[in-house]
Structure formats: structure tokens, C-alpha cells
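Listed below, chain by chain, are the residues.
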Amino acid sequence: MAITRPALAVWKFASCDGCQLQVLSLEEQLLTLAEVVDVAYFLEASSATARGPYDVSLVEGSITTPEDEERIHEIRAASRTLIAIGACATAGGIQALRNFAAVDELAEAVYPHPEQLAVLEESTPVSAHVEVEYELQGCPVDRHQVLEALSALLQGRRPNIPSHSVCVECKRRGLVCVMVAHGEPCLGPVTNAGCGALCPSFHRGCYGCFGPAETTNTGSLVAWLRHEQGLGPAEVVRWLRTYNAGARRFAEESRRHEPSQR
Ligand code: SF4
Ligand code: SF4
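Report on the accompanying structure. As the structure is a prediction and not an experimental result, all values here were calculated from the model.

Here's the deal with the pattern of salt bridges
(1) Moving on: Summed over the entire model, instances satisfying the criterion amount to seven salt bridges.
(2) Moving on: Of the charged contacts, one joins Arg 256 and Glu 253 as a salt bridge, the two residues approaching to 2.4 Å between their closest N and O atoms.

The following block contains the structure:
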């Protein structure tokens, strides 16, 4: 009897494709993976597609249009396990900057015929629309975390994905704290691990591309940045509103420092 391999699908919504590229950059490990799963739908890799149902769906990108809303429900219905990958899919992405403005006004400023646009008021993560089994943060997602998540599912165990902060990665690498030692503003204390403390290893502060860590106090760090490092409210808003602007912990804190709140 032929053994059927689990079917893997990779989907794109509003995104830059960078997270799908991270999956492709697994290179040799991707070839090994392709021996144990059936890559049934992955348009960035192949135009050959197979109909669902799918055992695992990786979803890149945020939900920004009524059409997206319909499609994510269809994908959910066709997927046994759904994993949101990257800042767009887990927090709304950099396009969630529009959540802090009136989308109609932005459309009028950019497009000659804004009435032809069909967009939602906000750019939202996949989890705002359907149930998601796992979220892998980061802009882009860490490809090793993708591999770990898929390996764990194949082995029938929970993926081992860190939920601690970048600070822990700094300490593990023996890096000197850029904030305490050099006075560099740094979001590492409130940012989820996954990058191996890349920016601090180049003596730069973390700007939060992996999004908020699970149990951190963004307000406390921002108070430090304001009072000990002299960041003004506008700078705080800029620091918090990048790739994960729509992530709840960053969004709520940034709203506290908007001009209307001061
Ligand atoms: S999370 Fe970053 S790298 Fe991934 S699709 Fe979005 S913008 Fe691109
Ligand atoms: S911004 Fe922060 S989370 Fe992103 S690579 Fe740099 S140190 Fe890592």
C-alpha cells in the first residue's frame, strides 16, 4: 500500500513575499522536507498545484480586503493545521500603519480613483479572522523556526518556539547591553527572540522586528526610553510603529504617546 505524505500548502496575502523566500532559503533542508511532505500548493516555488484538503498551511501576509477575508476562511476550512508566518500574518505588518489613520483619506491622497478600491478599514493578522494553531513572528520569519514547526508537526509534538525576549539571546551570546553600556535606545527587552540578537551584535539597538514578546512590560521600557534616554513622544511612536505597528502591545503603547494624548 502506498504511503501518503502530509500535504503542505503555502499561501500569500498582503505581504512582500519575504517570508516565503525564507522558506525557499531552507535550500537543502527544503529538499529533505520535500521527501517527507507533499508540497501541494506553493506558487512562489511551483505553478503545479493540488487541491486540498491540506495537512499544514503556512500563511504569509495580512488581511486587508474583503476578498482576503473570504479566502482566509476557505483556506482555514481546507487546512488541518494553520501556521501564520511573519509580522504581516501575526500582527498586520508594516501596512498596519494605516490602522492609525483614516483609510479613506489615505486612499484619496494616493489614488486618482479611490472609489475603485475595495479595502478593509484596518490591516489585521490572520488570527483576527480565523483560528490559528501557531504564530511565528518576525519580519521576516526565521526559517529555522519554520523548519522546527514543520518537524514538530511531523513528529507529533509541540514546536519549540521561544517566547522570551531578545535580551535573553544577548546574554546567551555574551553581548554587552547596548542600552546600559552605550546609551542606545533598544526594544530588545520587549521583543520576542528569534533573530539571535542580530542588531545588538552589531552594537545597534533592537527595533522590534520580531514583535512583542509574551510576558514583557512595554510601558516600563518606554518610560525608561523617555526619561533616561531622552526620547520624545514622537520618537517613541516611531520606534513602536514599524513592522509590528499593529501588534496589540506595541499599538496600545504607541497610542499613549500620540499628540492627541499628550
Ligand atoms: S513579515 Fe516582513 S518579510 Fe514577511 S512578508 Fe511581511 S514584510 Fe515581508
Ligand atoms: S530589530 Fe531586534 S528582533 Fe529584529 S533583527 Fe534586530 S535585534 Fe533582532
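As for the sheet that holds strand β5 (residues 134–136)
Think of a sheet as strands paired side by side through backbone hydrogen bonds, with each pair either parallel or antiparallel.
(1) Moving on: Ordered in space as β2-β1-β3-β4-β5, the five strands form an open sheet in which the pairing is parallel. The open sheet has two edge strands with one neighbour each: β2 (38–42) and β5. Averaged over all pairs of adjacent strands, the angle between their axes in this sheet comes to 20°, without regard to strand direction.
(2) Moving on: Across four bridges, the pairing between strand β1 (residues 7–12) and β2 is parallel. Among the inter-strand pairings, Leu 8 is bridged to a residue of β2, identified as Val 39.
(3) Moving on: Together, β1, β3 (54–60) and β4 (79–85) form the strand contacts of helix α3 (residues 66–78), whose direction differs from that of β4 by roughly 130°.

Section: the site of ligand 1
(1) Moving on: Around ligand 1 sit Ser 15, Cys 16, Asp 17, Gly 18, Cys 19, Glu 60, Gly 86, Ala 87, Cys 88, Gly 138, Cys 139 and Pro 140, and that is every residue in its neighbourhood.
(2) Moving on: Of all elements in the fold, only α1 (18–24) and α4 (86–91) reach the threshold of two or more residues within the shell around ligand 1.
(3) Moving on: Element by element, the count of residues in the shell around ligand 1 is highest for α4, at three residues.

Some words on unusual backbone geometry
(1) Moving on: Cis geometry is adopted by the peptide bond preceding Pro 53, which originates at Gly 52 and carries an omega value of 5°.
(2) Moving on: Following the sequence through the fold, Pro 53 ends up in the loop between β2 and β3.
(3) Moving on: Backbone torsion omega between Cys 139 and Pro 140 reads 0°, so that peptide bond is classified as cis.
(4) Moving on: Counting through the fold element by element, Pro 140 comes out in the loop between β5 and α6 (143–155).
(5) Moving on: We note that Asp 17 has phi near 80°; this positive angle belongs to a residue other than glycine.
(6) Moving on: One can find Asp 17 in the loop between β1 and α1.
(7) Moving on: The backbone phi angle of Glu 27 is positive, close to 50°, even though this residue is not glycine.
(8) Moving on: You can see Glu 27 is positioned in the loop between α1 and α2 (28–36).

Notes on the nonpolar core
(1) Moving on: In this structure, Val 23, Leu 58, Ile 83, Ile 85, Leu 136, Val 146 and Leu 150 are the most contacted members of the largest nonpolar core, which totals 19 residues.
(2) Moving on: Those elements that provide at least two residues to this core are β1, α1, α2, β3, β4 and α6.
(3) Moving on: The element contributing the most residues to this core is α6, with four residues.
(4) Moving on: Other than its neighbours up to four places away in sequence, Val 146 contacts Val 23, Leu 58, Ile 85, Leu 136 and Val 141.
(5) Moving on: Residues Tyr 54, Ile 63, Leu 82 and Val 132 belong to the second largest nonpolar core, which totals 18 residues.

Some remarks on the pairing of β4
(1) Moving on: Within β4, six of the seven residues are buried, leaving the element largely enclosed by the surrounding structure.
(2) Moving on: For β3 and β4, the ladder comprises six bridges, and the chain directions are parallel. Bridge pairing links Ser 57 to Leu 82 in β4.
(3) Moving on: In terms of handedness, the path from β3 via α3 over to β4 forms a crossover that is right-handed.
(4) Moving on: Where β4 and β5 come together, three bridges link them in parallel fashion. Looking at β5, one finds that Ala 84 is bridged to Glu 135.

The rules we used
- Residues numbered from 1 in each chain as written.
- Chains lettered and ligands numbered in written order.
- Predicted model: local features only at pLDDT ≥ 70, side-chain atom pairs only at ≥ 80, totals over all residues.
- Heavy atoms only, no water.
- Salt bridge = Lys/Arg side-chain N within 4 Å of Asp/Glu carboxyl O.
- Pairing = 2+ DSSP bridges.
- Helix = DSSP H or I, 4+ residues; strand = E, 2+ residues; numbered from the N terminus.
- Axes fitted to C-alpha atoms, helices over the stretch in contact; angles between N-to-C directions.
- Contact = heavy atoms within 4.5 Å.
- Near = heavy atom within 4 Å.
- Core = buried A, V, L, I, M, F, W, Y, C linked by side-chain atoms within 4.5 Å.
- Buried < 20%, exposed > 50% of the residue type's maximum accessible area, 1.4 Å probe, protein only.
- Right-handed = clockwise from strand over helix to strand, strands pointing away.

The analysis is restricted to geometry; functional conclusions fall outside its scope.
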